[in-house]
Amino acid sequence: VVGQLSPDVVSIYFSPVLTELAVQALENYAANLLEYDDIVRDMEAMKEKQADVAADGSIRGIEPPEPPIAPLYRSEYYVKELRQVLSETSDHFHSRKGGWRVHARAARFERLMDEKYGIFRPFLKQYPEVDKFVRSVQVKYANGYFSPIRQGKSPIPKSTAVIILFMMKRGDIKWEILTLSALFFLVGLQPWALVILIAGGHTLLEGRKKRAVKPMETYIPTVKPYFRMNRDEVSSRQTKIDLLSRPVGKKHVAGEIIDMMKYDTIILGSGPDALYTASLLSRAGRKVLVMTARSDASGCYTIEDCNSGEAKKFDNVPFDVCSSNISKISGQQELLAPALSNSTDYQGGVRFAKIGSETDGYAFQILSVPGMGSDEVADTPCPFVLRGDGVSSLMEDAAASLGDGWPDASGSIGNSATGLYSATCESINSSAAHYYLSKILEDSVNEMRSDGVYHSAASRYASGFLGKGFASNPHARSLMAAIGMNEENIEPTMTSMAAHVTNVSAALSGEGMHYPIGGPRALCHALSTVVEQSGGCVLTNVPVTELIFEHLNAVASNEKDGKEKPAPQCLGVKLSDGTELKFDTKSWKSRDYSPAVISMHGFITTFIRLMPDDIRTKYKVPRGLPALSESRPVFKLLFGLRGSAKDLEVTGIDFCRVPGAGLVQDELDPTDGQRIDNVIPGDINQESKDATNVAAVKGKHNNEAKELKKAVDKSHVRFETGASWMKISFPSAKDPSFESRHGNITTCVVTVEADDDFVSLFETKPRLFTSQSDQGNATQYQVLIDRIKCDLLNVFPQLEGMAVYRSCRIIFVRFCLNLS
């Protein structure tokens with residue numbers, strides 16, 4: 001015998017013989033059946049010739065033939081079944097995964113089970129259904145039914161699976177879904193195994209989220225409320241009034257020693273944002289020291305030297321200069337709850353009131369844009385009111401006042417360009433949280449995350465988007481430009497698309513604007529209480545002049561081994577009196593976390609005014625700092641008004657004049673009737689210009705406008721009545737509890753940009769503003785105040801003669817991003 005004998009006797013010997021016999025029997029049967037059919041046909045023919053037919057129908061003298069006996073395999077189907085049975089029999093006895101092996105393993109498993117758990121055999125005999133179930137499980141296990149890898153062929157070819165995965169990748173499908181699809185198509189993971197994998201991964205992620213971060217404890221301790229009502233409502237109300245009349249924070253006395261061993265985190269800043277950060281860190285186990293140069297950590301200002309006469313009513317009355325309006329209140333309360341919750345209230349006793357009333361549609365802002373809603377730029381602009389119901393009233397007002405398309409009767413967008421633009425902005429803004437979260441994650445993590453639309457918008461200007469959205473209606477275009485950036489005097493050609501869509505989404509959310517009852521002081525008192533009860537402290541009147549950088553572990557920075565020194569860490573601050581407040585590096589060597597200094601003053605102040613020059617130059621931090629450009633500082637003019645908001649007929653609505661969104665008007669040359677392109681600041685499709693030059697160049701031809709532009713550029717930037725950017729707000733009218741605490745008075749805050757008489761611009765990289773040493777003389781101050789007051793009375797003439805006292809503040813609070 002040459003070669004190797006196969007032990008598979010079924011397929012080698014029995015299968016060919018049995019198949020041949022079955023085929024031969026089938027062929028013989030077919031031949032006999034044809035012969036039988038012929039005989040029957042002949043007998044039928046004889047009947048027709050009047051043959052001698054018996055009563056039973058047979059022909060006398062001729063015996064009818066017997067039909068052929070059908071064999072076992074009477075058709076090709078049965079032959080095919082025979083081949084399949086032989087193939088399965090061969091596989092059962094001779095393949096590697098044959099059935100006999102399965103039964104053998106099952107028998108062996110049953111024998112082992114009897115040896116170990118034979119005590120349960122009587123129980124199984126008593127309950128045969130249980131025994132049947134156990135045996136079925138044994139067979140399934142032996143057949144690989146419980147294997148996480150799929151048995152048999154894949155549902156689709158691997159080449160097709162690769163194409164599907166490639167299309168999913170091109171479609172920006174999440175990497176988690178892509179990974180699970182690859183495991184199913186290519187690896188062959190069972191569906192139930194995929195479910196277990198997903199559940200296990202979700203459990204691990206949730207476990208990581210719940211894992212306490214050093215020095216956070218497993219269970220966050222509760223804090224007591226900053227104010228608790230008692231049975232005596234009168235005394236309780238008076239106690240709360242006294243509490244809200246006090247500034248937030250503890251006043252630091254010059255020369256007082258601050259024990260830095262008590263704290264592990266320093267936060268520089270004031271206002272709800274700084275105290276919210278401090279409260280969250282306190283919940284996480286940090287001992288936070290909040291320091292601010294202001295006298296009130298809530299960010300509010302008070303009028304000084306008002307101790308005599310009628311002005312005494314405004315003694316220690318807080319003026320909210322930060323415009324603490326809150327949009328999308330439902331989402332904001334969810335964010336505030338972790339920082340505010342105490343033993344009695346998850347909102348920390350802080351409540352919010354909706355700005356406006358049902359009568360005015362909960363209006364919260366009036367926008368005045370040069371040229372918007374009028375035929376000429378020089379005409380008085382038509383003020384536009386933003387209401388609490390968001391897009392629905394915006395579409396109707398824009399259609400009635402600005403010539404925009406009307407929405408459908410059902411309230412859908414219809415032909416409204418403003419409605420479609422607002423919906424697009426909301427869609428873009430939906431990925432804002434994803435974008436800002438990526439700023440604190442590692443690059444390796446961000447590589448697995450797909451960039452949202454908001455990420456692309458952050459590197460674009462708003463002008464291009466506005467131009468495409470309102471190509472045929474400049475009035476509606478100016479309106480949306482004003483909504484997108486009304487808090488600053490920045491034109492759309494210099495406005496980040498990300499900031500623009502965020503502001504539009506906030507203003508048109510449909511929830512209106514809300515204001516904390518009790519003002520920012522109530523919110524900040526609740527936040528500071530969490531900080532103080534967690535071992536922290538809030539100090540006021542602490543001016544910081546410089547950040548201190550040192551190496552946390554001096555041993556790690558060894559120059560003898562030739563390795564480059566690691567960058568130092570910010571471990572403290574230097575005060576204006578020369579006092580240095582630093583963390584003790586020796587005490588931090590044995591800890592699992594590091595101390596931190598957090599600045600809430602923005603990029604310019606932190607990295608230019610507080611960071612030492614040698615640190616910034618040597619380590620080149622941060623990247624992109626030269627691309628920043630500081631906005632012009634602002635004046636906050638505080639007016640104390642006689643009479644309540646109801647008496648003065650003012651509401652919580654803010655008035656904003658936005659020349660940066662000024663309308664582009666087309667003029668015709670009287671000589672030839674051709675269109676003339678005016679050089680008007682606020683032109684969304686033109687280069688950026690100074691918004692305070694509106695009056696100098698509007699309504700002029702190109703040549704005249706260019707000459708005027710050159711002359712104005714060389715002159716000083718000054719506040720122009722009726723033309724420059726301005727914001728007017730009445731914070732006391734937004735707070736329903738203000739009158740019960742302070743009587744029949746009203747606070748008014750007017751914000752304008754600072755003149756060149758008070759600040760100086762340095763064309764550095766980044767561009768910086770500094771306060772002049774003399775900050776203008778008394779005459780210049782009085783001229784500016786008179787101009788602002790004139791503008792205020794033009795907008796609100798009912799305030800004539802109602803001002804009791806006023807004070808002026810110059811504030812460096814803002815910066816913008818210059819992408820050019």
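Here the residue numbers are simple positions, counted from 1 along each chain's written sequence. In keeping with the model being predicted, local features are shown solely for residues with a pLDDT of at least 70 and side-chain atom pairs are shown and tallied solely at 80 or more, while totals for entire chains, interfaces and linings include all residues. Where side-chain values are given, they derive from all heavy atoms of the structure, hydrogens and water being excluded.

### Section: the overall build of the protein chain
Phase 1: The secondary structure listing takes helices from DSSP runs of H or I that are at least 4 residues long and strands from runs of E that are at least 2 residues long, numbered from the N terminus. The helix and strand inventory of the protein chain stands at 28 helices and 24 strands.
Phase 2: Think of it in three bands: with a 1.4 Å probe and only protein chains considered, a residue is buried below 20% of the maximum accessible area for its type, exposed above 50%, and partly exposed in between. Per-residue burial for the protein chain yields a buried fraction of 40% across its 820 residues.
Phase 3: Should any heavy atoms of two residues lie within 4.5 Å, those residues are considered in contact. Considering only residue pairs separated by 6 or more positions, the protein chain has 69% of its internal contacts joining residues 24 or more positions apart.
Phase 4: Per-residue accessibility takes into account occlusion by the displayed protein chains alone, with areas from the Shrake-Rupley method and a 1.4 Å probe. As presented, the protein chain carries roughly 45,700 Å² of accessible surface, and 55% of it is formed by carbon and sulfur atoms.

### Here we look at the side chain of Lys636
Phase 1: For Lys636, the location among the structural elements is in strand E15 (residues 634-642).
Phase 2: One polar contact links the side chain of Lys636 to the main-chain carbonyl oxygen of Val321, over a distance of 2.9 Å. We define a polar contact as two N or O atoms separated by no more than 3.5 Å, with the added condition that, inside protein, one atom must be a possible hydrogen donor and the other a possible acceptor, whereas residues neighbouring each other in sequence contribute only through side-chain atom pairs.

### Topic: the nonpolar core
Phase 1: The biggest cluster of nonpolar side chains holds 38 residues, and the ones touching the most others in it are Leu367, Leu386, Leu394, Leu479, Met480 and Ile483.
Phase 2: No other element matches the 6 residues that helix H18 (residues 474-484) contributes to this core.
Phase 3: What Leu394 contacts, discounting residues up to four positions off in sequence, is Phe384, Leu386, Thr418, Ser422, Leu479, Met480, Ile483 and Leu508.
Phase 4: By nonpolar core is meant a set of buried Ala, Val, Leu, Ile, Met, Phe, Trp, Tyr and Cys residues that side-chain atoms within 4.5 Å join together. Judged by nonpolar contacts, the second largest core, of 29 residues, contains Ile366, Phe635, Phe719 and Ile785.

### Some thoughts on the sheet that holds strand E1 (residues 250-251)
Phase 1: Ordered by their spatial adjacency, 5 strands build an open sheet running E1-E9-E3-E2-E13, and the pairing between neighbours is parallel. Every other strand in the sheet has two partners, leaving E1 and strand E13 (596-599) as the edge strands with one partner each.
Phase 2: Two strands make a pair as long as DSSP finds a minimum of two bridges between them. As defined by bridge partners, strand E2 (residues 265-268) adjoins E13 across 4 bridges and the pair is classed as parallel. Looking across to E13, one finds that Ile267 is bridged to Ile598.

### Some points on the sheet that holds strand E8 (residues 513-516)
Pairing between the strands of a sheet is mediated by backbone hydrogen bonds and can be parallel or antiparallel.
Phase 1: Sheet architecture is open: 3 strands sit in the order E4-E8-E5, paired in antiparallel fashion. Edge positions in the open sheet fall to strand E4 (326-327) and strand E5 (352-354), since each of these has one partner strand only.
Phase 2: Of the pairings in the sheet, the one linking E4 to E8 comprises 2 bridges and is antiparallel in character. Residue Ser327 lies in a different strand from E8, and its bridge partner there is Met513.

### Remarks on the packing of aromatic side chains
Phase 1: Stacked, tilted and edge-to-face are the three classes applied to pairs of Phe, Tyr and Trp rings, where Trp contributes its six-membered ring and a pair requires centres within 6.5 Å; stacked means planes under 30 degrees apart, edge-to-face means over 60, and tilted covers the rest. Counted according to the given criterion, the structure contains 12 aromatic pairs.
Phase 2: Ring plane angle 35 degrees and centroid distance 5.0 Å describe the contact between Tyr421 and Phe465, whose orientation is recorded as tilted. Pair noted here: Tyr421 is in helix H13 (residues 417-429) and Phe465 is in helix H17 (residues 462-469), with a separation of 44 residues, a long-range link.
Phase 3: Among the residues examined, Tyr421 registers a relative accessible area of 4% and is labelled buried.

### A short note on the pairing of strand E3 (residues 288-291)
A regular strand places its side chains on the two faces of the sheet in alternate fashion.
Phase 1: Alternating residues of E3 divide into Val288 and Val290 and Leu289 and Met291, and every residue in both groups is buried.
Phase 2: Here 4 bridges tie E2 to E3, and the two strands are oriented parallel to one another. Following the sheet pairing, Ile267 is matched in E3 by Val290.
Phase 3: In this fold, the crossover linking E2 to E3 by way of helix H10 (residues 272-283) has right-handed handedness. Orient the strands so they point away from the viewer, and a crossover whose first-strand-to-second-strand path over the helix runs clockwise is right-handed.

### Overview of the environment of Phe465
Phase 1: A relative accessible area of 25% places Phe465 in the partly exposed class.
Phase 2: Sequence separation of Phe465 and Arg477 is 12 residues, and the distance between their C-alpha atoms is 9.9 Å.
Phase 3: In contact with Phe465, not counting residues within four places along its chain, are Tyr421, Thr424, Cys425, Ile428 and Met497.

### Section: unusual backbone geometry
Phase 1: We note that Asn316 has phi near 65 degrees; this positive angle belongs to a residue other than glycine.
Phase 2: Position of Asn316 relative to the elements: it lies in the loop between E3 and E4.

### Considering helix H19 (residues 497-507)
Phase 1: The buried fraction of H19 amounts to 8 of the 11 residues, a majority that puts the element mostly inside the structure.
Phase 2: Three or more residues of H19 are buried, namely Met497, Ala498, His500, Val501, Val504, Ser505, Ala506 and Ala507.
Phase 3: Measuring from the backbone nitrogen of Ala498 back to the side-chain oxygen at the start of H19 gives 3.2 Å, which picks out Ser496 as the cap.

### Observations concerning helix H21 (residues 602-610)
Phase 1: All buried positions along H21 are accounted for by Ile604, Thr605, Thr606, Phe607, Ile608 and Leu610.
Phase 2: Where H21 is buried, its residues touch E2, strand E10 (544-550), E13, helix H22 (613-619), strand E14 (628-629) and strand E22 (768-771).

### Quick notes on the environment of Arg387
Phase 1: Relative to the elements of secondary structure, Arg387 occurs in the loop between strand E7 (384-386) and helix H12 (391-401).
Phase 2: Sequence separation between Arg387 and Ile366 is 21 residues; the distance between their C-alpha atoms is 9.3 Å.
Phase 3: Every residue in contact with Arg387, bar those within four places of it in the chain, is listed here: Asp360, Gly361, Tyr362, Ala363, Phe364, Ser393 and Asp397.

### Topic: the pairing of strand E6 (residues 365-368)
Phase 1: Of the two faces of E6, the one holding Gln365 and Leu367 and the one holding Ile366 and Ser368 are both buried throughout.
Phase 2: Relative to E7, E6 runs antiparallel, the two sharing 3 bridges. Pairing of Gln365 across the sheet is with Leu386, part of E7.
Phase 3: Pairing of E6 with strand E16 (residues 654-657) involves 4 bridges; the strand directions are parallel. Each residue of the ladder has a partner; that of Gln365, found in E16, is Asp654.

### What to know about the packing of H10 against helix H11 (residues 329-340)
Phase 1: The contact between H10 and H11 brings their axes to 8 Å, and the two run at 55 degrees. As far as their axial angle goes, H11 and H10 are oblique. For the pair H10 and H11, contact is made by Tyr276, Ser279, Leu280 and Arg283 and by Leu335, Leu336, Pro338, Ala339 and Leu340, respectively.
Phase 2: Here the contact of H10 with H11 is built from residues that sort into 7 nonpolar, 1 polar and 1 charged. In this analysis an axis means a line fitted to C-alpha atoms, helices contributing only their contacting stretch, and an angle means the value between N-to-C directions, from 0 to 180 degrees. Should an angle lie under 35 degrees it is considered roughly parallel, over 145 roughly antiparallel, and from 65 to 115 roughly perpendicular; all remaining angles are considered oblique. Lys, Arg, Asp and Glu make up the charged group, whereas Ala, Val, Leu, Ile, Met, Phe, Trp, Tyr, Cys and Pro make up the nonpolar group; the residues left over, Gly among them, are polar.

### Examining the confidence of the model for the protein chain
Phase 1: Values of pLDDT, which run from 0 to 100, indicate the predictor's confidence residue by residue. Considering every residue of the protein chain, the mean pLDDT works out to 80; 81% of them sit at 70 or more.
Phase 2: Scored below 50 in pLDDT, residues 1-5 shows 0 contacts in the model against residues more than four places distant or in partner chains.
Phase 3: Confidence drops under a pLDDT of 50 for residues 812-820, and excluding neighbours within four residues, the segment shows 39 contacts in the predicted structure.

### Overview of the pattern of salt bridges
Phase 1: A carboxyl oxygen of Asp or Glu within 4 Å of a side-chain nitrogen of Lys or Arg is what we treat as a salt bridge. Across all of its chains, the model carries 16 salt bridges by this definition.
Phase 2: Residues Asp296 and Arg521 are paired through a salt bridge, measuring 2.8 Å at the closest nitrogen-oxygen approach. Of the two residues, Asp296 sits in the loop between E3 and E4 while Arg521 sits in helix H20 (residues 519-533), which places them 225 residues apart along the sequence. Across the pair, exposure class does not vary: Asp296 and Arg521 are buried alike.
Phase 3: With a closest N to O distance of 3.9 Å, Lys328 and Glu426 form a salt bridge. Of this pair, Lys328 sits in the loop between E4 and H11 while Glu426 is found in helix H13, placing the two residues 98 residues apart along the sequence.
Phase 4: Taking relative accessible area as the criterion, Lys328 reaches 23% and is therefore assigned partly exposed.
Phase 5: On the basis of relative accessibility, which here comes to 36%, the residue Glu426 falls in the partly exposed class.

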